[in-house]
Amino acid sequence: MASLKQDWITEGWIDFEYKKYILMAYLQGVNQNFKQSRLFPDLPSVEKHYKAALNLKDSKEQIVASFPKKLKGIDLKKKQFIYEKFQESEHLSEIDSILEYSLPLFQQTLTEGQSHYADIEAKLSFMPVGIIPLHLKEGYVFIYRGHNSETQIYHYQIRLVQHSNQSSVHTTLVDTVRKSFTTTFENLKLNLIHKRRELPNPATYLVESPAEYPVQETILPIAKKWIVNFDKQYTIR
């Protein structure tokens with residue numbers, strides 16, 4: 001996983017060439033992961049860094065605009081005052097250069113990652129297994145990759161994130177089973193119910209992939225989003 005501190009621009013030595021080196025090393029790792037279809041946690045990380053850089057740029061411009069301006073003269077033709085241009089410190093100038101360099105790169109990387117995400121999401125399929133119960137906050141999700149005979153079974157719980165209205169999905173790997181042509185996903189669900197009686201009528205979903213996309217870094221995060229969306233849609237009905 002590629003990593004970049006949240007305050008990487010203002011932390012430590014503020015020098016354009018130094019920060020450029022740090023940024024390029026980070027983005028090189030991110031792009032390598034994207035090429036291998038490993039989208040998480042890099043994709044949301046890049047988005048956070050892009051938004052943070054935008055916020056820093058806006059904040060800096062507001063701070064500079066708030067500084068007192070020294071009167072230089074009067075333009076009689078235009079009937080307006082002329083003020084001396086604010087002289088930025090060396091650090092502020094370096095931050096300007098870093099932001100101007102990093103923002104387009106963050107945006108480009110984010111766009112590429114989102115494109116990879118949309119492409120992979122379109123190739124995956126999501127469907128309930130068996131009868132849909134009333135309680136959808138907890139259950140199981142099957143991850144099945146078409147060229148692999150194994151099915152990974154995860155227990156999931158939808159949790160409300162404190163101090164927000166957002167839901168998150170916590171997953172735990174329960175089992176990995178080999179699926180044959182004679183074994184249906186409904187049978188896997190029934191076997192699961194017999195083994196784990198704490199959930200007698202669990203919500204169960206199947207996420208099927210035609211390719212060997214990474215489970216933890218790609219398929220499972222997409223599955224979590226679908227589980228939350230399905231819960232919201234079914235609850236509204």
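The present account deals with the structure reproduced in this document. (Residues numbered from 1 in each chain as written. Predicted model: local features only at pLDDT ≥ 70, side-chain atom pairs only at ≥ 80, totals over all residues. Heavy atoms only, no water.)

**Description of the nonpolar core**
Now for step 1: With 44 residues, the main nonpolar core has Phe106, Leu124, Ile143, Tyr205 and Val207 as its most contacted residues.
Now for step 2: Every element with two or more residues in this core is listed here: helix H1 (16–35), helix H2 (42–66), helix H3 (90–123), strand E4 (138–145), strand E5 (150–160), strand E7 (203–209) and helix H5 (215–236).
Now for step 3: Among the elements that make up this core, the one with the highest residue count is H5 (nine residues).
Now for step 4: Among all residues touching Leu124, those that are not within four sequence positions of it are Val207, Glu208, Ser209, Pro210, Tyr213, Ile219, Ile222 and Trp226.
Now for step 5: Tyr144, Ile153, Val177 and Leu199 belong to the second largest nonpolar core, which has eleven residues in total. (Core = buried A, V, L, I, M, F, W, Y, C linked by side-chain atoms within 4.5 Å. Buried < 20%, exposed > 50% of the residue type's maximum accessible area, 1.4 Å probe, protein only. Helix = DSSP H or I, 4+ residues; strand = E, 2+ residues; numbered from the N terminus. Contact = heavy atoms within 4.5 Å.)

**Examining the sheet that holds E5**
Now for step 1: The five strands are arranged E3-E7-E4-E5-E6 in an open sheet whose pairing can be described as mixed. Edge positions in the sheet fall to strand E3 (125–128) and strand E6 (167–178), since each has one partner strand and no second. For this sheet, the mean inter-axis angle between neighbouring strands, taken without regard to orientation, is 25°.
Now for step 2: Note that E4 and E5 share seven bridges and pair antiparallel. In the sheet register, Phe142 faces E5, and the bridge partner there is Ile153. (Pairing = 2+ DSSP bridges. Axes fitted to C-alpha atoms, helices over the stretch in contact; angles between N-to-C directions.)

**Section: the side chain of Lys179**
Now for step 1: Take Lys179: it is sitting in the loop between E6 and helix H4 (185–195).
Now for step 2: Put simply, Lys179 is tucked away with no salt bridge, and the nearest opposite charge, on Glu208, sits 7.4 Å away.
Now for step 3: Only 3.0 Å separates the side chain of Lys179 from the backbone oxygen of Thr183, close enough to count as a polar contact.
Now for step 4: Not counting residues within four places of it along the chain, the set of residues in contact with Lys179 comprises Tyr144, Ser149, Thr151 and Phe185. (Lys, Arg positive; Asp, Glu negative; His and termini not counted. Salt bridge = Lys/Arg side-chain N within 4 Å of Asp/Glu carboxyl O. Polar contact = N/O pair within 3.5 Å; in protein donor to acceptor, adjacent residues only side chain to side chain.)

**With respect to the pairing of E5**
Now for step 1: Counted along the chain from E4 to the antiparallel partner E5, the turn is four residues long.
Now for step 2: In terms of strand pairing, E5 meets E6 through eleven bridges, oriented antiparallel. Bridge pairing in E6 links Gln157 to His170.
Now for step 3: In this structure, the hairpin formed by E5 and E6 is closed by a connection of six residues, where His163 is found at a positive phi of approximately 65°.

**Observations concerning H1**
One turn of an α-helix holds 3.6 residues; hence residues three or four places apart share an orientation.
Now for step 1: In a regular helix each residue adds 1.5 Å, so 20 residues correspond to 28 Å; H1 covers 28 Å between its end C-alpha atoms and thus fits that length.
Now for step 2: All buried positions along H1 are accounted for by Phe16, Lys19, Leu23, Tyr26, Leu27, Val30, Asn33 and Phe34. Along the axis of H1, the buried residues cluster in a sector spanning 125°; they form a single face. Exposed residues lying more than 90 degrees from the buried face of H1 are Tyr21, Gln28 and Lys35.
Now for step 3: Its side-chain oxygen at 3.3 Å from the backbone nitrogen of Glu17, Asp15 defines the N-terminal cap of H1.
Now for step 4: Positioned one or two residues after H1, Ser37 has a phi angle of 60°, which is positive. (Expected span 1.5 Å × (residues − 1). Arc of directions from axis to C-beta.)

**A look at the side chain of Thr171**
Now for step 1: Here Thr171 is to be found in strand E6.
Now for step 2: On the basis of relative accessible area, Thr171 is assigned to the buried category, the value being 17%.
Now for step 3: Those residues in contact with Thr171 that lie beyond four places of it in its chain are Tyr154, His155, Tyr156, Leu220 and Lys224.

**Remarks on the environment of His155**
Now for step 1: If you trace the backbone, His155 turns up in strand E5.
Now for step 2: You can call His155 buried: its relative accessible area is 14%.
Now for step 3: Once the C-alpha coordinates of His155 and Phe142 are considered, the two residues, 13 residues apart in sequence, prove to be 9.1 Å apart.
Now for step 4: At 2.7 Å, the side chain of His155 and the side chain of Glu138 are in polar contact.

**A short note on H4**
Now for step 1: Looking at H4, one finds that the buried residues are Phe185, Leu188, Lys189, Leu192 and Ile193. The buried residues of H4 all sit within an arc of 140° when viewed along its axis, so they share a single face.
Now for step 2: Its buried side turned inward, H4 meets E4, E5, E6 and E7.

**Let's talk about the environment of Pro202**
Now for step 1: Mapped onto the elements of the fold, Pro202 is located in the loop between H4 and E7.
Now for step 2: The class of Pro202 is buried, set by a relative accessible area of 3%.
Now for step 3: Spatially, the C-alpha atoms of Pro202 and Leu192 are 9.5 Å apart, while their sequence positions differ by ten residues.

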